Amino acid sequence: MATALPAAAEEGYCWQSDCDGKSPVGTNCATNAIVIEEKTFSTSIDLKLVYSSLCESYWTHVQVDPTSITSPIYGGVFYVPQLGGVEQVKNSFVTWENVGAATPMVSSLNSVKACYTDFGSNFDPLPDTGGASTHAGQCTQWH
């Protein structure tokens, strides 16, 4: 007798840690995504921390005005396991030609924040908080 495959085996489906490192584009995760926090900086950079309850995963989306930026922008979803650990990041890269990009996803089992910077791909402009920055970039609050 044949058995039905579990939902996790379906194409484009992932859940929590199965989503880690996958793009939200082309998955069921983007179908019910909500913006947890959004910040606009200098009217040229729009930063969003996005969450999918269907996939229980987060990602960052950065959109830029190509006429206003002077250097490429890295978008990052920074994450730390909720019970503690080392901060890590998954990045996207935005330029004048590619004006918007989403980072790979991370599981909701992590504390997360969205950041952008023009300093480097693994640079956290606000390692301690999510407030104002004197560094090369900005972040949302930790969620």
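Structural data are supplied above this passage.
Residues numbered from 1 in each chain as written. Predicted model: local features only at pLDDT ≥ 70, side-chain atom pairs only at ≥ 80, totals over all residues. Heavy atoms only, no water.

**Some remarks on the environment of Cys-139**
Moving on, step 1. Within the element layout of this structure, Cys-139 appears in strand β9 (residues 137-139).
Moving on, step 2. Residue Cys-139 is classed as buried on the basis of its relative accessible area of 0%.
Moving on, step 3. Considering only alpha carbons, one finds Cys-139 and Tyr-116, 23 residues apart in sequence, at a separation of 6.5 Å. (Helix = DSSP H or I, 4+ residues; strand = E, 2+ residues; numbered from the N terminus. Buried < 20%, exposed > 50% of the residue type's maximum accessible area, 1.4 Å probe, protein only.)

**Thoughts on the nonpolar core**
Across soluble globular proteins, you tend to see nonpolar side chains buried next to one another.
Moving on, step 1. In terms of nonpolar packing, the biggest core is built from 18 residues, with Ile-45, Val-62, Val-64, Ile-73, Val-112 and Tyr-116 touching the most fellow members.
Moving on, step 2. Of all the elements, strand β2 (residues 45-52) adds the most residues to this core, at four residues.
Moving on, step 3. Leaving out residues up to four positions away in the same chain, Ile-45 has contacts with Lys-39, Thr-40, Val-62, Gln-63, Val-64, Ile-69, Ile-73 and Tyr-116.
Moving on, step 4. In this structure, Cys-14, Cys-29, Cys-55 and Trp-59 belong to the second largest nonpolar core, which totals seven residues. (Core = buried A, V, L, I, M, F, W, Y, C linked by side-chain atoms within 4.5 Å. Contact = heavy atoms within 4.5 Å.)

**Description of the pattern of salt bridges**
Moving on, step 1. Inspection of the entire model under this criterion finds three salt bridges.
Moving on, step 2. A salt bridge links Lys-39 to Glu-37, with the nearest nitrogen and oxygen atoms 4.0 Å apart.
Moving on, step 3. Ionic pairing is found between Lys-113 and Asp-124, a salt bridge with its closest N-O pair at 3.1 Å. Of this pair, Lys-113 sits in strand β8 (residues 110-117) while Asp-124 is found in the loop between β8 and β9, placing the two residues eleven residues apart along the sequence.
Moving on, step 4. Taking the relative accessible area as the measure of exposure, Asp-124 reaches 8% and is therefore buried. (Salt bridge = Lys/Arg side-chain N within 4 Å of Asp/Glu carboxyl O.)

That's the geometry; what it means functionally is another story.
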